[in-house]
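# Reading the structure
Each chain, written out:
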Amino acid sequence: QRERGRHVYFADAGRREILERAGARRASAFVVTLDAPTAAEHMVHAIKRINPQALILARAKDARHARRLAELG
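Residues numbered from 1 in each chain as written. Predicted model: local features only at pLDDT ≥ 70, side-chain atom pairs only at ≥ 80, totals over all residues. Heavy atoms only, no water.

## A short note on the overall build of the protein chain
Within the protein chain one finds three helices and two strands. Beginning at the N terminus, the succession of helices and strands in the protein chain can be written as α-β-α-β-α. Relative to its length of 73 residues, the protein chain is compact, with a C-alpha radius of gyration of 13 Å against a globular reference of 11 Å. Its C-alpha atoms put the protein chain at 40 × 25 × 20 Å along the principal axes. For the protein chain, buried positions account for 29% of its 73 residues. Residue pairs in contact within the protein chain that sit at least 24 positions apart in sequence constitute 61% of those at least 6 positions apart. Counting only carbon and sulfur atoms, one obtains 50% of the accessible surface of the protein chain, whose full area is about 5500 Å². Separation of charge centres in the protein chain, based on 15 positive and 8 negative side chains, amounts to 4 Å. (Helix = DSSP H or I, 4+ residues; strand = E, 2+ residues; numbered from the N terminus. Rg over C-alpha atoms; globule rule 2.2 N^0.38 Å. Buried < 20%, exposed > 50% of the residue type's maximum accessible area, 1.4 Å probe, protein only. Contact = heavy atoms within 4.5 Å. Areas by Shrake-Rupley, 256 points an atom, 1.4 Å probe, with all protein chains shown as cover. Lys, Arg positive; Asp, Glu negative; His and termini not counted. Charge placed at Lys NZ, Arg CZ, Asp CG, Glu CD.)

## Here we look at the side chain of Glu41
Structurally, the position occupied by Glu41 is in helix H2 (residues 37-50). Residue Glu41 is classed as buried on the basis of its relative accessible area of 18%.

## Concerning the pairing of strand E2 (residues 55-58)
In this structure, strand E1 (residues 29-32) lies alongside E2, joined through four bridges in parallel fashion. Bridged to Phe30 within E2 is Ile56. Crossover E1 to E2 through H2 is right-handed. (Pairing = 2+ DSSP bridges. Right-handed = clockwise from strand over helix to strand, strands pointing away.)

## Considering the nonpolar core
Of all hydrophobic cores here, the largest spans 15 residues; its most connected members are Leu19, Phe30, Val32, Val44, Ile47 and Ile56. Of all the secondary-structure elements, those providing two or more residues to this core are E1, H2 and helix H3 (63-72). Looking at this core, the element that brings in the most residues is H2, giving six residues. The residues contacting Val32, other than those within four sequence positions of it, are Ala40, Met43, Val44, Ile47, Ile56, Leu57, Ala58 and Arg59. (Core = buried A, V, L, I, M, F, W, Y, C linked by side-chain atoms within 4.5 Å.)

In structure tokens, the structure reads:
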């Protein structure tokens, strides 16, 4: 994608400065596909703080994790 002129980031998207640099305030949606439940929750929380109106599609480990993600938004 970089060869096509697109911005590509490989970093911890749970960090506010990374989300800011990637343009999270302007994004309409995010996809969270992390294997680690705690990291996924941290990322969802960080996204919601920066862009509360964005749609977040997140993969859950199990039903309990899905409920926790839903609680986060």
